[in-house]
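# Residue-level structural notes
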Amino acid sequence: MRKSIILITGVNGEIGHGLVRSLYNEGITNLIGIDLNAADDFVTERTMDCLVGSILDRNLLERLNAQYEIQAIFHMAALLSTRAEFSPVIAHEVNVDGTLNLLDLAMEQAQSHGKPVQFFFPSSIAVYGVPSLAVKKKVGAIREDDYRYPQTMYGCNKLYCESLGDYYGKYYKRLSTSDSEGLVDFRAIRFPGIISAHTLPAGGTSDYAPEMLHAAAKGEHNDCFVREDATIPFMTMQDAILAIEKLMETPKSELTQTVYNIKAFNPSAGEFLSKVKEYFPGADVDFVINDNRQSIIDSWPTDVDDEQARKDWGWEPIHDLDRAFSEYLIPEIRSRYEHK
Ligand code: SER
């Protein structure tokens, strides 16, 4: 008998860490991770095993397929938006071909053990592209079907993978006689920027907010690479994980979409800095604009409409901006840097 497991790709990344922390605290002990980098002690201690390797390595995935019965896949591995602009072809390989490999693994598993495999895919506000700042200001909260004109490789990859997931979930090999509908139970959330008290993102464009906060907590100088008025939606890592778990535990019959917007708060970079300064009055931040990264932020919406997530699976964030700082970011970040 193959052991039944939950697979997390990109387990050593930011959301990977958050997921491991939360699933382990809930008593889930059958987590298997995969990541390009060796998992750190935090992850290793909370997982059954962590494989070092690429999601593009089909032999590695085949080994997983042979060894385990996979119940669910949380596919977090990706090259984020800034990094992807430096290596678009590699980003496409990792973000698209890697996702295709994992969807295929999910299908193969479901066909072999006869039960649906749940598949969680973190999509992003990067799938949106508003044509100008004037339009960005005017349109306000964007719905799932609006402005899907991504301007980054990462955004293109995420948007296409949403469709691939839909295909595997509903239409896979529709001309064959065997019925595969529903075998891959694909669900996706378009995340805003995520701010963790425990980890820093690597290679994203929304990184300016968490970087500002962590630098202030460490007493270090920070150059914020966007204008003070730059505004996109954000949420805490705790809320991001809550959302993933909530969506994944909702009966499929209650979901009217495969892809959902969610949001929590959307301060400008300047407002975010003011909040940081309430707790770290000495925060040493200069606005040194990187026009290229700024133009990516300008193409992302100020706000998203998450009405459908609220209706279908009861999405509601714990943290608005004030509570994000007072209840999560500040207490955890203080204890993190004080103990170093
Ligand atoms: N936070 C991501 C990035 O900045 C977007 O999903 O790339």
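Placed above this text is the structure.
Thresholds, definitions, all that
- Residues numbered from 1 in each chain as written.
- Predicted model: local features only at pLDDT ≥ 70, side-chain atom pairs only at ≥ 80, totals over all residues.
- Heavy atoms only, no water.
- Helix = DSSP H or I, 4+ residues; strand = E, 2+ residues; numbered from the N terminus.
- Rg over C-alpha atoms; globule rule 2.2 N^0.38 Å.
- Buried < 20%, exposed > 50% of the residue type's maximum accessible area, 1.4 Å probe, protein only.
- Contact = heavy atoms within 4.5 Å.
- Areas by Shrake-Rupley, 256 points an atom, 1.4 Å probe, with all protein chains shown as cover.
- Lys, Arg positive; Asp, Glu negative; His and termini not counted.
- Charge placed at Lys NZ, Arg CZ, Asp CG, Glu CD.
- Near = heavy atom within 4 Å.
- Polar contact = N/O pair within 3.5 Å; in protein donor to acceptor, adjacent residues only side chain to side chain.
- Nonpolar A, V, L, I, M, F, W, Y, C, P; charged D, E, K, R; others polar.
- Salt bridge = Lys/Arg side-chain N within 4 Å of Asp/Glu carboxyl O.
- Expected span 1.5 Å × (residues − 1).

### A closer look at the overall build of the protein chain
When helices and strands are counted, the protein chain shows 13 helices and 13 strands. Rg of the C-alpha trace for the protein chain: 20 Å, near the compact-globule value of 20 Å for 340 residues, within the 12% margin. For the C-alpha atoms alone, the extent of the protein chain along its principal axes is close to 60 × 45 × 40 Å. The buried share among the 340 residues of the protein chain stands at 56%. Look at the contacts in the protein chain between residues 6 or more apart in sequence, and 78% of them connect residues 24 or more apart. In the form shown here, the protein chain has an accessible surface area of approximately 14,800 Å², with 48% of it arising from carbon and sulfur atoms. Distance between charge centres in the protein chain, computed from 33 positive and 50 negative side chains, equals 2 Å.

### Comments concerning the site of the ligand
The full set of residues close to the ligand is Leu80, Ser81, Ser124, Tyr154, Gly204, Thr205, Ser206 and Trp300. Take tyrosine 154: an N or O atom from its side chain is 3.1 Å from an oxygen atom of the ligand. Within the contact set of the ligand, an oxygen atom lies 2.6 Å away from a backbone nitrogen or oxygen of threonine 205. The fraction of the free accessible surface of the ligand (240 Å²) that becomes covered by protein chains is 91%. Looking at the shell around the ligand residue by residue, the classes come out as 3 nonpolar, 5 polar and no charged.

### A word on the pattern of salt bridges
Using the criterion set out here, one finds 15 salt bridges in the structure. In this structure, aspartate 298 engages arginine 227 in a salt bridge whose closest nitrogen and oxygen atoms are separated by 3.3 Å. One end of the pair, aspartate 298, is in helix 11 (residues 291-299); the other, arginine 227, is in the loop between strand 9 (221-224) and strand 10 (234-236), with 71 residues separating them in the sequence. On the accessibility criterion, aspartate 298 (16% relative accessible area) is buried.

### So, helix 1 (residues 14-25)
Its 12 residues give helix 1 an end-to-end C-alpha distance of 17 Å, which sits within 8% of 16 Å, the value for a rise of 1.5 Å per residue. Of all 12 residues that make up helix 1, 9 are buried, and the element is covered over most of its length. Among the residues of helix 1, those classed as buried are Glu14, Ile15, Gly16, His17, Gly18, Leu19, Val20, Ser22 and Leu23. Buried residues in helix 1 make contact with strand 1 (3-9), strand 2 (31-35), helix 2 (41-45), strand 4 (68-75), strand 8 (193-195) and helix 9 (237-249). Positive phi shows up at glycine 27, right after helix 1, with a value of about 90°.

### Brief notes about the side chain of arginine 187
Residue position: arginine 187 is located in strand 7 (residues 184-191). Taking the relative accessible area as the measure of exposure, arginine 187 reaches 2% and is therefore buried. Polar contacts involving the side chain of arginine 187 include one to the main-chain carbonyl oxygen of threonine 250, which spans 2.8 Å. Residues in contact with arginine 187, not counting those within four places in the same chain, are Gln118, Phe119, Phe120, Phe121, Leu247, Met248, Thr250, Pro251, Lys252, Leu255 and Thr258.

### Details of helix 11
The α-helix advances 3.6 residues per turn, and as a result positions three or four apart in sequence lie on the same side. Of all the positions in helix 11, only Arg293, Gln294, Ile296, Ile297, Asp298 and Ser299 are classed as buried. Among the structural elements, helix 4 (81-86), helix 6 (133-139) and helix 8 (208-218) are those in contact with the buried residues of helix 11. Two or three places before asparagine 292, at the start of helix 11, stands the capping residue asparagine 290, its side-chain oxygen 3.0 Å from that residue's backbone nitrogen.

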